[in-house]
Amino acid sequence: MPPTMAQISDPKIAFAYLRPACVLLTREPTVSNVETLSAQLKDVDDATLQQLQEYVLFPLRFVLKVPGPKKDKLVQAVAEAMSHVLENTCVQSWKTLQDLLSELCLCLCSPTDPGKPAETSEELKSSVLRCLDALLHAAYGDIIFKLFDPIMLPGLGAAVSLLLTIGEKEKSRHIQAAALKCLQALTLQCDCTQEHVTPSSEEQCAIGSTMASFLPGITMAVARIITGDLRQGHAVTVRAIKIWSRTVGLVMEDAQLQSSEPWKTPSPDLGRIGQLVVHRTQDWVKSTSGKLSALLKKIIACTSAHQHWRVRLEMVELADLLLARCSLSLGECVGPLLEALVGAVNDEEPRVRERCEIALRQVSQRNQSSSDITGKNSSSSHTFTDVLSENLHSLATSLPRVMRTSDDQKKLFVLNVFLGYLKILGPLVSVVLNSAAHLDRISKALMQVLELDVMDVRIVEERSYGAIIETSSYSAHVQRKHFLYFTDEKIFSVLTEICRTLGYYGNIYLLTDHFLDLYRQSSAYRKQAAMVLNEIVRGAAGIAVATEDQDLGGDGRGRTATQEDLKAAVASVMEEYTSLNNWHLITVSVETDGDRQDQQLLSQSRLLSISSNADAYSNLQVIPSTSASSSTSTIHQLNSNIWQLCIQLEGVAYFAEALGRDFRPLLMTSLYPVLEKAGEETLLVSQAALGSMWDISKACGYPSLKDLINENSDYLLNDISLNLQRLSQHPQAPRVLTVMLTHSDRSLLPLVGDIVQDVLTALDLSYDHTAALFCSVLHALVKALARWFPASCSNTTKSARHKQTSTDQEVLNISQFLLDYRKQKELAEGIGIEEDDTEDLEVPPPTECEDAEDIGGPDTKAELPSYLSITKDVMERCIHLLSDQSLRLRLKVLDVLELCVRVLSERENELLPMAHRCWPALLQRLTADDPLAVLRAFRVLCTLGETCGDFLRRRVSKEVLPKLSSSLARQAPISAKAGPVYTHTLAYKLQLAVLQGLGSLCQRLDLGEAELEAVCEACLPYLSCRQPIRLQEACLSVFRHLIQVDPDAYWFTLNELHCPSSYVPPHPDLQPVQLNGMGRPRDEYSDNVLKLLREEFGSFAEAVD
């Protein structure tokens, strides 16, 4: 690259250097000549260029003055050259400033209509606006102030109007921003990094008087830009807000309006221009303030919840500026401005929050100082606190309407304003809430805003079916609340923070009493009041409350409630929550078999008349038959009850969190009700209760639910024992026991032993009525025993391993097999029989072990462990209940029976007699019952097969297998022809279950050849590719087990069906092997047969056409 040439610093040399280009440009105004001059101007230094400014600008201005149309490229080149000159020099002549301003504005105007922008290229507009900005910044000294002389009103107004039109109508963001930047510079509001002229107070007043003439036009046009299309980008909106705030701050400044200078009548020389001059009288100020207030409200509504944080930050700057400069003149705007500031206190952007806090603190300090100065002389002036409390009251009044009619952004802003008022008031909230009007208005607003949408049918439909969450962790899905008037989760978050802030700064006794009154007052308010109470208690405890020093006093005072206050408040709220009418709510309307049994149990009791609300109990919906609520309960009512219980359970967890270990004494009255709800069938309620249990255990210092239950098991079990004796009054007692068993460990077993016997006795005495209630308890009990005393896998897999070992030995000892075969053949022919007889006559002497056994005394049966005794007792009841007419009960009993078998699996002497006793009833379920029961019974049979083994062989082979085989054979053609919907039917599920368990059952029972052949014949059709995929896979599993039992037979069976290879004898003397599957074309069985042969026998099928 060539070295950079030094700039010319001698004016004479520079003049001689530039003169030819200037002369040529004057003669021939072309783009190339302009570019030549522009290039040469860059070779002259700034000081020299300042001396030659007028000379250099003349040819450029001359080009602009040439009459007739000019090309955009030429004007653009001239503007760029002038920009270079103006950016590096100062304009010291007022005449030059005035002429250049006019000439540049004419470049932007339409030739036919000077009031409108010209339809020119964006590049040209950008260059002219840049030049105009450079001109206004180049004005030296006080000549810029001459723009604001009354005589300049028409010219200045034309420039302002032109820039506003471009800023509003232009489609390009860049041009819009450039036009607004020029407008800032023109009105001495520029905020760029260059040096600017600072006007004196007199000059400021003169500028304000002149700009008052343009205030309506500027504020209205800029307001349209601010509230315009979001696609214009945040930069344009930010610059427009700056123009609006600084123009209003300049014209409506209190210091100017209060100056005692008398009004000067416009000079007669002005002529009609004098009519444009505005006199800022008190009436004008009042009228203008009202109009500006309307515009300001539109601007705040549009920008307070703007997506970009810079726009929200600029709104804070606007509010701070106008409150600082114009609080007296803009009296009607103080409320909206304060609202805009308060709304930004909780902004998600930290920079906006910090700036807002500084602004509010300054507003508060100014208000305090002005109050001290005015004192008693200004009786009409309100303190800052009064303004805040009045705004809070009016906002609470309008809140329900806003929540019903506005969009989510507006709702979020209004709620943030509400929260901001509370934070700014700080400890003074307690004083404000002492006003009954304020407290009533705020509470009613919260009641209406927090109304839940309870029409979702899925809430009441979802059931837990005893699928209790594992005790190691709690990760259940928590149903999100749905509200009538909003959907955004941020809105709910702000509402809860409002409630917590009320609790943090307010009087806890006043708030809890007031909202408990609302809770009792109407069922329409009950859920909302409970939500508010929950959050108030959390806030009073200082949980999840922003405690920044934002309050007026700035003294940093914390929460007003002590620990003793919290205990008292929690105790009163808990008592209300767990009362009979508010805890035992109807959550199920559709009755099941178990529900009817519960009803019969309750309807026979006369003790229900003790309660005025007999239908308040709910177990599997426990509703007395005398009540009509079961027929009239709507989805709306049931969902409302479900949500109320969930909110109250959530509240119990919050109270535990608030009190910490101090909540432990309250566990005596609160833990039992929570456990009741953890056993609910309604999924949402049981999940909420389990979540509450986890939160309680964490808050009270228990490592897990197991520790929570075990530490408090004494009085829990005492309550259960008492309530079981009055089951008609307390039908939830079995569910509490169920939850305890599910979430505890084996250390609970000695404590529950007596209660288990009570349950079994009660079941014996009236199983017709109590079976449904207690069956879930028995299921939870045996499931817990199976978890606490897991069976080792050695017993269940012993026979399978023995068979596998013997098979391996056979493979390894083929030579021995051949020797034995030869010996047996010789014996058959009479060879060597004498030696064999002598060997047979030898009797081994008795071993010491046998002698010891003979010497021992009579057999003494060792005492069974308690868990096995309980399991036997439960299994005994299951045998009787297997024939119950209720299908639901039979299914549950089969589940219990399966678990009992698993628990007794290691004690064969105890299991086999019980299996013998239960076999007739189980056989009925397997062969003559509902398909659902058959499914479950077959699973029990498979479990018995794993544990009992040979004991069941004869029974299964004679009584079960024939019916299962015939069922499979009968259904095979149906499933082969069925479509995809068939996989959802009960018949399909039964086929699948039988096929999945049949193979392992046959293998474990070591069935005979005839039985295995029958099973094989029944399963062969399921190898067809026309069967559903899962049935094919299950059938393959059957054959894999059968191959383990007799590989040769099933190799032959499969090859008879489809033989992929032709077996050529290795020697001519050997007979050729002929199989029916040889040479058979590919058919529906080929794929699965080939798969089995490859997997089990290592055969590689040849391609068959």
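Residues numbered from 1 in each chain as written. Predicted model: local features only at pLDDT ≥ 70, side-chain atom pairs only at ≥ 80, totals over all residues. Heavy atoms only, no water.

## Points about the overall build of the protein chain
Now for step 1: Tallying secondary structure elements over the protein chain gives 50 helices and zero strands in all.
Now for step 2: Out of the 1105 residues belonging to the protein chain, those deemed buried represent 51%.
Now for step 3: The contacts in the protein chain between residues at least 6 apart in sequence include a share of 77% that link residues at least 24 apart. (Helix = DSSP H or I, 4+ residues; strand = E, 2+ residues; numbered from the N terminus. Buried < 20%, exposed > 50% of the residue type's maximum accessible area, 1.4 Å probe, protein only. Contact = heavy atoms within 4.5 Å.)

## Examining the pattern of salt bridges
Now for step 1: In this structure the tally under the stated criterion is 41 salt bridges.
Now for step 2: Lys444 is paired through a salt bridge with Asp440; the nearest N and O atoms lie 3.7 Å apart. A residue pair is termed a helical-turn pair when its members lie 3 or 4 positions apart in one helix, as Lys444 and Asp440 do in helix H20 (residues 436–449) at four residues.
Now for step 3: We classify Asp440 as partly exposed; its relative accessible area is 34%.
Now for step 4: Between Asp895 and Arg939 there is a salt bridge; the shortest N-O distance is 2.7 Å. Residue Asp895 is located in helix H42 (residues 887–903), and its partner Arg939 is located in helix H44 (residues 931–948); the two are separated by 44 residues in the primary sequence.
Now for step 5: The exposure class assigned to Asp895 is buried, which follows from its relative accessible area of 14%.
Now for step 6: It is possible to trace a salt-bridge network through shared partners that takes in Asp895, Glu898, Arg902, Arg936, Arg939, Glu946 and Arg1004. (Salt bridge = Lys/Arg side-chain N within 4 Å of Asp/Glu carboxyl O.)

## Structural notes on the nonpolar core
General note: in soluble globular proteins, nonpolar side chains tend to be found buried as a group.
Now for step 1: Counting 335 residues, the largest nonpolar core has Trp244, Met252, Leu446, Phe663, Val874, Leu1023 and Phe1039 as the members making the most contacts within it.
Now for step 2: Setting aside anything within four residues of it in sequence, one finds Trp244 in contact with Thr219, Val222, Ala223, Ile226, Leu292, Leu295, Leu296, Ile299, Leu318 and Leu322. (Core = buried A, V, L, I, M, F, W, Y, C linked by side-chain atoms within 4.5 Å.)

## Examining the packing of helix H45 (residues 953–977) against helix H46 (residues 986–1005)
Now for step 1: Where H45 contacts H46, the two axes come as close as 10 Å, and the packing angle between them is 140 degrees. At the point where H45 passes H46, the crossing takes the left-handed sense. For the pair H45 and H46, the contacting residues are Arg953, Val956, Leu961, Leu964, Leu968, Gln971, Ala972 and Ser975 in the first and Ala987, Gln991, Val994, Leu995, Leu998, Leu1001 and Leu1005 in the second.
Now for step 2: By residue class, the composition of the contact of H45 with H46 is 11 nonpolar, three polar and one charged. (Axes fitted to C-alpha atoms, helices over the stretch in contact; angles between N-to-C directions. Left-handed = near helix turned anticlockwise from the far one by under 90°. Nonpolar A, V, L, I, M, F, W, Y, C, P; charged D, E, K, R; others polar.)

## Section: the packing of aromatic side chains
To describe a pair of aromatic rings, you give the distance between the ring centres and the angle between the ring planes.
Now for step 1: According to the stated counting rule, one finds nine aromatic pairs in the structure shown.
Now for step 2: Ring geometry for Phe483 versus Phe486: centroids 4.6 Å apart, planes at 20 degrees, classification stacked. Here Phe483 matches Phe486 in class, with each residue buried.
Now for step 3: Summarising the aromatic geometry, the rings of Tyr577 and Phe655 are spaced 5.9 Å apart at their centres and angled 25 degrees between planes, so their arrangement reads as stacked. Taken together, the residues span a long stretch of sequence, with Tyr577 in helix H25 (residues 563–577) and Phe655 in helix H29 (residues 635–659) at a distance of 78 residues. Across the pair, Phe655 and Tyr577 agree in class, each one buried.
Now for step 4: Through successive ring pairs, a cluster of aromatic residues spans Phe483, Phe486 and Phe492. (Phe/Tyr/Trp six-rings, centres within 6.5 Å; stacked < 30°, edge-to-face > 60°.)

## Side note on the state of the cysteines
Now for step 1: Within this structure, the stated rule accounts for zero disulfides.
Now for step 2: Its sulfur unpaired, Cys326 is 9.0 Å from the next cysteine sulfur, which belongs to Cys333.
Now for step 3: Judged by its relative accessible area of 1%, Cys326 is buried.
Now for step 4: Free cysteine Cys1016: the closest other cysteine sulfur is in Cys1019, separated by 7.4 Å.
Now for step 5: The exposure class of Cys1016 is buried, given its relative accessible area of 0%. (Disulfide = S-S within 2.5 Å.)

## Quick look at the environment of Glu946
Now for step 1: The residue Glu946 is located in helix H44 in this model.
Now for step 2: The class for Glu946 is partly exposed, based on a relative accessible area of 23%.
Now for step 3: Between the alpha carbons of Glu946 and Leu1001 there is a distance of 7.5 Å; along the sequence they are 55 residues apart.

## Points about helix H6 (residues 94–108)
Now for step 1: Taking 1.5 Å per residue as the helical rise, H6 with its 15 residues ought to reach 21 Å, and the 22 Å between its terminal C-alpha atoms agrees with that figure.
Now for step 2: Burial of H6 is extensive: 11 of the 15 residues sit out of reach of the surface.
Now for step 3: Among the residues of H6, those classed as buried are Trp94, Thr96, Leu97, Asp99, Leu100, Leu101, Glu103, Leu104, Cys105, Cys107 and Leu108.
Now for step 4: As for H6, its buried residues are in contact with helix H4 (53–65), helix H5 (72–88), helix H7 (122–138) and helix H8 (153–169).
Now for step 5: Structurally, the start of H6 carries an N-cap: the backbone nitrogen of Lys95 is 3.3 Å from a side-chain oxygen of Ser93. (Expected span 1.5 Å × (residues − 1). Polar contact = N/O pair within 3.5 Å; in protein donor to acceptor, adjacent residues only side chain to side chain.)

## Quick look at the packing of helix H24 (residues 523–540) against H25
Now for step 1: H25 packs onto H24 with a crossing angle of 160 degrees between their chain directions and a minimal axis gap of 11 Å. Here H25 runs roughly antiparallel to H24, going by the angle between their axes. The two elements H24 and H25 meet at a crossing, and its hand is left-handed. Here Ala530, Leu533, Asn534, Val537 and Ala540 of H24 come into contact with H25, specifically with Leu566, Val570, Val573 and Tyr577. (Parallel < 35°, antiparallel > 145°, perpendicular 65-115°, else oblique.)

## Describing the confidence of the model for the protein chain
Now for step 1: With 84% of its residues at a pLDDT of 70 or more, the protein chain shows a mean pLDDT of 81.
Now for step 2: Ignoring residues within four places in sequence, the model shows residues 794–810, a span with pLDDT below 50, making eight contacts including any to other chains.
Now for step 3: Across residues 846–857, confidence stays below pLDDT 50; counting only partners more than four residues off in sequence or on other chains, it has one contact. (pLDDT = per-residue confidence, 0-100.)

## Re the environment of Arg239
Now for step 1: Positionally, Arg239 belongs in helix H11 (residues 234–251).
Now for step 2: Spatially, the C-alpha atom of Arg239 lies 6.7 Å from that of Leu180, the residues being 59 residues apart in sequence.

## Concerning the side chain of Thr89
Now for step 1: On the secondary structure map, Thr89 appears in the loop between H5 and H6.
Now for step 2: The class of Thr89 is buried, set by a relative accessible area of 6%.
Now for step 3: A distance of 2.9 Å separates the side chain of Thr89 from the side chain of Gln53, its partner in a polar contact.
Now for step 4: A polar contact of 2.6 Å, which involves the side chain of Thr89, links it to the backbone oxygen of Val85.
Now for step 5: What Thr89 contacts, discounting residues up to four positions off in sequence, is Asp46, Leu49, Gln50, Gln53 and Ala138.

## Here's the deal with the environment of Trp643
Now for step 1: For Trp643, the position within the fold is in helix H29.
Now for step 2: The exposure class assigned to Trp643 is buried, which follows from its relative accessible area of 2%.
Now for step 3: Taking the C-alpha atoms as reference points, Trp643 and Leu452, separated by 191 residues in sequence, lie 8.6 Å from one another.

## Regarding H8
Now for step 1: The terminal C-alpha atoms of H8 lie 24 Å apart, and with 17 residues this matches the ideal 24 Å at 1.5 Å per residue to within 8%.
Now for step 2: Regarding H8, the residues found buried are Leu153, Leu156, Gly157, Ala159, Val160, Leu162, Leu163, Leu164, Ile166 and Gly167.
Now for step 3: Contacts from the buried residues of H8 go to H6, H7, helix H9 (173–186) and helix H10 (201–226).

## As for unusual backbone geometry
Now for step 1: The backbone of Leu188 sits at a positive phi, close to 60 degrees, despite the residue not being glycine.
Now for step 2: You can see Leu188 is positioned in the loop between H9 and H10.
Now for step 3: In this model, Ala544 sits at a positive phi of 55 degrees, which is unusual for a non-glycine residue.
Now for step 4: Examined against the element boundaries, Ala544 turns out to sit in the loop between H24 and H25.

## Notes on the side chain of Ser289
Now for step 1: With respect to the secondary-structure elements, Ser289 resides in helix H13 (residues 282–303).
Now for step 2: Those residues in contact with Ser289 that lie beyond four places of it in its chain are Met252, Ser329, Leu330, Gly331, Glu332 and Cys333.

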